[in-house]
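# Structural overview for review
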Amino acid sequence: MAESPGNSRGVPRGPLMSPGFWLHHAALEWRATLERNLRPLGLTPTQFNLLASAGWLSREGELPTQQQVADMSGSDRMMASKVIRGLEERELLVRRPDPADARVLRIELTPAGRELASKGVRTAVDTDAQLFGDDGDLLREHLKPIAAHRLPD
């Protein structure tokens with residue numbers, strides 16, 4: 001027997017009462033919309049997140065490691081390596097061995113990569129405004145402490 005969305009008084013129950021249920025479906029919609037909006041730039045959300053993360057982290061001065069870029073973007077190491085290799089083949093970034101440890105790769109965006117990352121960031125900002133409107137700042141403040149458990153120190 002299927003669970004009804006509400007009881008006899010119409011009060012929601014089950015998954016409709018779970019913030020996680022709504023967060024999951026909101027995240028799916030955000031990702032699908034971002035994917036559509038990035039398509040004209042020739043980027044997937046994963047490619048964009050890695051490219052933008054590399055650009056953001058490089059602002060700190062030292063070129064970020066491939067692992068730092070993966071961590072910042074929320075990608076696992078193997079997926080990040082594969083996608084970053086593809087971005088390198090497109091000449092959007094360069095991977096260089098770290099002078100202190102040849103096993104560590106440092107990521108540097110090319111001028112074309114910086115330009116595309118910048119366009120992608122504008123697209124992501126526009127997508128956020130499209131989906132979240134004036135509630136974006138409030139939503140961000142609610143999500144930050146939850147997401148902070150996953151972000152690198």
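It should be noted that the structure appears before, not after, this text.
Let me begin by describing the structure that accompanies this report. Nothing here was measured: the structure is a model prediction, and the numbers come from that model. (Residues numbered from 1 in each chain as written. Predicted model: local features only at pLDDT ≥ 70, side-chain atom pairs only at ≥ 80, totals over all residues. Heavy atoms only, no water.)

## Quick word on the packing of aromatic side chains
Under the convention used in this document: Note on ring pairs: Phe, Tyr and Trp rings are taken, using the six-membered ring of Trp, and paired if centres are within 6.5 Å. Classes follow the plane angle, with under 30 degrees stacked, over 60 edge-to-face and the rest tilted.
Throughout the structure, instances matching the rule amount to one aromatic pair. Note on Phe21 and Trp22: the rings are 5.0 Å apart at their centroids and 90 degrees apart in plane angle, and the pair reads as edge-to-face.

## Considerations on the side chain of Ser81
Quick note on the threshold: Numbering goes from the N terminus for both helices and strands, where a helix is a DSSP run of H or I of at least four residues and a strand is a run of E of at least two. Under this definition, polar contacts are N or O atom pairs within 3.5 Å; protein pairs additionally need one hydrogen-donor-capable and one acceptor-capable atom, and for neighbouring residues in sequence, both atoms have to be side-chain atoms. Working rule for contacts: check all heavy atoms of both residues, and any pair within 4.5 Å makes them a contact.
When you line up the elements, Ser81 lands in helix H4 (residues 77–89). A polar side-chain atom of Ser81 sits 3.5 Å from a polar atom in the side chain of Gln66. Among residues more than four places away in sequence, those in contact with Ser81 are Gln66 and Arg95.

## Let's talk about helix H2 (residues 45–58)
Threshold: To estimate the expected span of a helix, subtract one from its residue number and multiply by 1.5 Å. Throughout, exposure labels follow a simple rule: accessible area from a 1.4 Å probe, protein chains only, divided by the maximum for the residue type, with under 20% read as buried, over 50% as exposed, and the rest as partly exposed.
Between its terminal C-alpha atoms H2 stretches 20 Å, which fits the 20 Å expected from 14 residues at 1.5 Å a residue. Burial within H2 is extensive, with 11 of its 14 residues counted as buried. Buried-residue contacts for H2 involve helix H1 (19–38), helix H3 (66–73), H4, strand E1 (93–98), strand E2 (101–109) and helix H5 (111–132).

## Structural notes on unusual backbone geometry
Here the phi dihedral of Glu91 falls at roughly 60 degrees; this positive angle occurs in a residue that is not glycine. With respect to the helices, strands and loops of the structure, Glu91 is situated in the loop between H4 and E1. Glu91 sits in the exposed class, given a relative accessible area of 60%.

## Remarks on the pattern of salt bridges
Selection criterion: One speaks of a salt bridge when a side-chain nitrogen belonging to Lys or Arg is within 4 Å of a carboxyl oxygen belonging to Asp or Glu.
One pass over the structure, following the stated rule, counts 10 salt bridges. Arg36 is paired through a salt bridge with Glu29; the nearest N and O atoms lie 4.0 Å apart. With a relative accessible area of 42%, Arg36 lands in the partly exposed category. Judged by its relative accessible area of 41%, Glu29 falls in the partly exposed class. Taking the shortest distance from any N to any O, the salt bridge between Arg140 and Asp137 comes out at 3.1 Å. Pair noted here: Arg140 and Asp137 are both in helix H6 (residues 136–147), with a separation of three residues, about one helical turn. Residues joined in a network through salt bridges with shared partners are Asp137, Arg140, Glu141 and Lys144.

Treat this as a map of the structure, not an account of what it does.
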